[in-house]
Amino acid sequence: MKIVTCSAPVNIAVIKYWGKRDEELLLPINDSVSGTLSEMYAKTSIAASPDFAGNRMWLNGVEETFDSPRILNVLQHFREELKKSGASKEILSWKLHICSENNFPTAAGLASSAAGYACLVYTLATLYGLQEKIELSAIARVGSGSACRSIYGGFVQWEAGNRADGKDSIAVQLAPHTHWPEMEILILVVSDNRKKTSSTGGMSRSVKTSALIDFRAKNCVPKRVQDISKAIQEKDFQTFAEITMKDSNQFHAICLDTYPPCVYLNDVSHAIIDLIHRYNAAAGSTKVAYTFDAGPNACLYLLRQDVPEVLNLVKRAFPNDKINSPEYLKGIPVTEKPISDDLAKKINLEPIGHNLLKYIIHTKIGDGPQILPESQSLLNSSGLPIKM
Ligand SMILES: Nc1ncnc2c1ncn2[C@@H]1O[C@H](COP(=O)(O)OP(=O)(O)OP(=O)(O)O)[C@@H](O)[C@H]1O
Ligand SMILES: C[C@@](O)(CCOP(=O)(O)OP(=O)(O)O)CC(=O)O
């Protein structure tokens, strides 16, 4: 029996992927760009053995059925690559035990599927020694589109491609995580419940019913991708932030243009958007960018030097009973800097409401997937989960 354990990070798009041209191969209608996050990741152990009776899978400590179409999709694409690499029939017949856990809430709009499928593919490739030999991002993509971007660290572009077989729909790294080390992220978790409309279902409905979605894909995204790539290369935060916010707003406009509409933002999300605009205006430059995926949680991109003040801003706007407890502010420790009275006045800073945020995660741009030592395995020497 062979066991391998790897981790793969979450990524948060600044130019959103929304809409497929092929639902089987998960081919998108537009390019997208994301930042890979540090500290938030999926960890997966895979054991392969000729002695296992069947394939089994555990996610966050609970056994799941192995026949989820997305998992089967990934395994089928992976096996095709394995066959092409000349693997023996015997190796191809080995059964798998897959055990995975996320160190953040699953299916809450925090891109768990992206980290999860990237980790599955990276761990499989490591187990079979195929890492350098195959296009990992194209296999991660058939698990969940956004997963292809989690194959790399730093800033990543998913090129939509135009081939029908999807061979050119892959992720490429725009810059490694060391390129812009000052870039940090605050995630304001408004809700970590399962969302009502999945990204898959929502984007399928948008493609069928939104009159705006095609306009965005053809006329807005190409220039935005070009401009934000340049802003990343030049570490031009103003441009990066403006494009990020505009693209998030446009994506949610398309969600509302979908029929019936997909409503992912709530009143708290809108209050966050308003607060960030008031802060940027009062500060005299764009210091913070917000972006929202298919859920109400805000992901704020900002530079390290501004984190202490923005944290104070968020805490004053959203007072919370748990505000000083370690489970309220998770991640990299940060010392707050009080907002001056003058700035508070300009922002018109008043508490928006009590206990509206569940917690805050502080992180930064991070590296791509990693191979972990045996001591970190989630499976024991019999190939069964250590924690049940
Ligand atoms: N570590 C993992 N390994 C394998 N599959 C995972 C893992 N984590 C999540 N998934 C799969 O992804 C599903 C959640 O995906 P979903 O798109 O609903 O939520 P999300 O990824 O948190 O949100 P979003 O994609 O909108 O950001 C889970 O139900 C599971 O099938
Ligand atoms: C709003 C998004 O987060 C949508 C992500 O959609 P998924 O990648 O979860 O969808 P499927 O390909 O159907 O699995 C934007 C983004 O990450 O680019």
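The structure we're discussing is the one just above.
Note that the structure is a prediction, hence the values are computed from the model and not measured.

What counts and how
- Residues numbered from 1 in each chain as written.
- Chains lettered and ligands numbered in written order.
- Predicted model: local features only at pLDDT ≥ 70, side-chain atom pairs only at ≥ 80, totals over all residues.
- Heavy atoms only, no water.
- 1 Å grid on protein atoms, 1.4 Å probe; cavity = no way out; pocket = protein on both sides within 12 Å on 5 of 7 lines; lining within 4 Å.
- Points joined across faces, edges and corners; volume = space filled by probe spheres on them.
- Helix = DSSP H or I, 4+ residues; strand = E, 2+ residues; numbered from the N terminus.
- Nonpolar A, V, L, I, M, F, W, Y, C, P; charged D, E, K, R; others polar.
- Near = heavy atom within 4 Å.
- Polar contact = N/O pair within 3.5 Å; in protein donor to acceptor, adjacent residues only side chain to side chain.
- Areas by Shrake-Rupley, 256 points an atom, 1.4 Å probe, with all protein chains shown as cover.
- Sits in = over half its atoms within 2 Å of the grid points.
- Pairing = 2+ DSSP bridges.
- Axes fitted to C-alpha atoms, helices over the stretch in contact; angles between N-to-C directions.
- Contact = heavy atoms within 4.5 Å.

A. Focus on the layout of surface pockets. As a volume, the largest pocket reaches approximately 1,100 Å³. Looking at the lining of the largest pocket, the elements with two or more residues in it are β1 (2-15), β5 (56-59), β6 (62-64), α1 (69-84), β7 (95-102), α3 (112-127) and α5 (199-209). Among the elements that line the lining of the largest pocket, the one with the most residues is α3, at 5 residues. Here the lining of the largest pocket is built from residues that sort into 18 nonpolar, 19 polar and 8 charged.

B. Examining the site of ligand 2 more closely. Taken together, the neighbourhood of ligand 2 is formed by 18 residues, with Tyr17, Lys20, Ser144, Gly145 and Ser146 sitting nearest. Contact between ligand 2 and Ser144: an oxygen atom at 2.7 Å from a side-chain N or O atom of the residue. Taking 460 Å² as the accessible area of ligand 2 by itself, protein coverage stands at 94%. Comparing atom positions with the cavity grids shows ligand 2 to sit within the largest pocket. Broken down by element, the residue count for the shell around ligand 2 peaks at 3 residues, all from α5. Of the residues in the shell around ligand 2, the class split is 7 nonpolar, 6 polar and 5 charged.

C. Looking closely at empty space enclosed by the protein. This structure, assessed with the given rule, holds 1 cavity of 30 Å³ or more. The space that makes up the largest cavity amounts to roughly 60 Å³. Every residue lining the largest cavity is listed: Ile12, Gly109, Leu110, Ile187, Thr291, Phe292, Asp293, Asn297, Ala298 and Cys299. Per-class residue counts for the lining of the largest cavity are 6 nonpolar, 3 polar and 1 charged.

D. Representation of the site of ligand 1 in the model. In the region of ligand 1, 17 residues are neighbours, and Ser100, Asn102, Ser113, Lys195 and Ser199 sit closest. Between ligand 1 and the protein, one listed contact pairs a nitrogen atom with a side-chain N or O atom of Ser100 at 2.8 Å. Ser112 is positioned with one of its side-chain polar atoms (N or O) 2.9 Å from an oxygen atom of ligand 1. In isolation ligand 1 exposes 640 Å². Once the protein is present, 84% of that is buried. Applying the majority rule of atoms within 2 Å of the grid points places ligand 1 in the largest pocket. Only β5, β7 and α3 provide two or more residues apiece to the shell around ligand 1. Ranked by residue count, the leading element in the shell around ligand 1 is α3, at 3 residues. Taken together, the residues of the shell around ligand 1 break down into 7 nonpolar, 8 polar and 2 charged.

E. How the structure looks around the sheet that holds strand β11 (residues 288-291). Strand order in the open sheet formed by 5 strands is β11-β12-β10-β14-β13, with mixed pairing between adjacent strands. If you trace the sheet from one side to the other, it starts and ends with β11 and β13 (329-331), each paired once. Going across the sheet, the axis of each strand differs from the next one's by a mean of 25°, ignoring polarity. Of the pairings in the sheet, the one linking β13 to strand β14 (residues 359-364) comprises 3 bridges and is parallel in character. Across the sheet, the residue bridging to Gly331 is His362, located in β14. Packed on one face of the sheet, helix α8 (residues 267-283) meets β10 (183-189), β11 and β12 (298-303) and runs near 165° to β11. Sheet strands in contact with helix α9 (residues 307-317) are β10, β11, β12, β13 and β14, and its direction is about 145° off that of β12.

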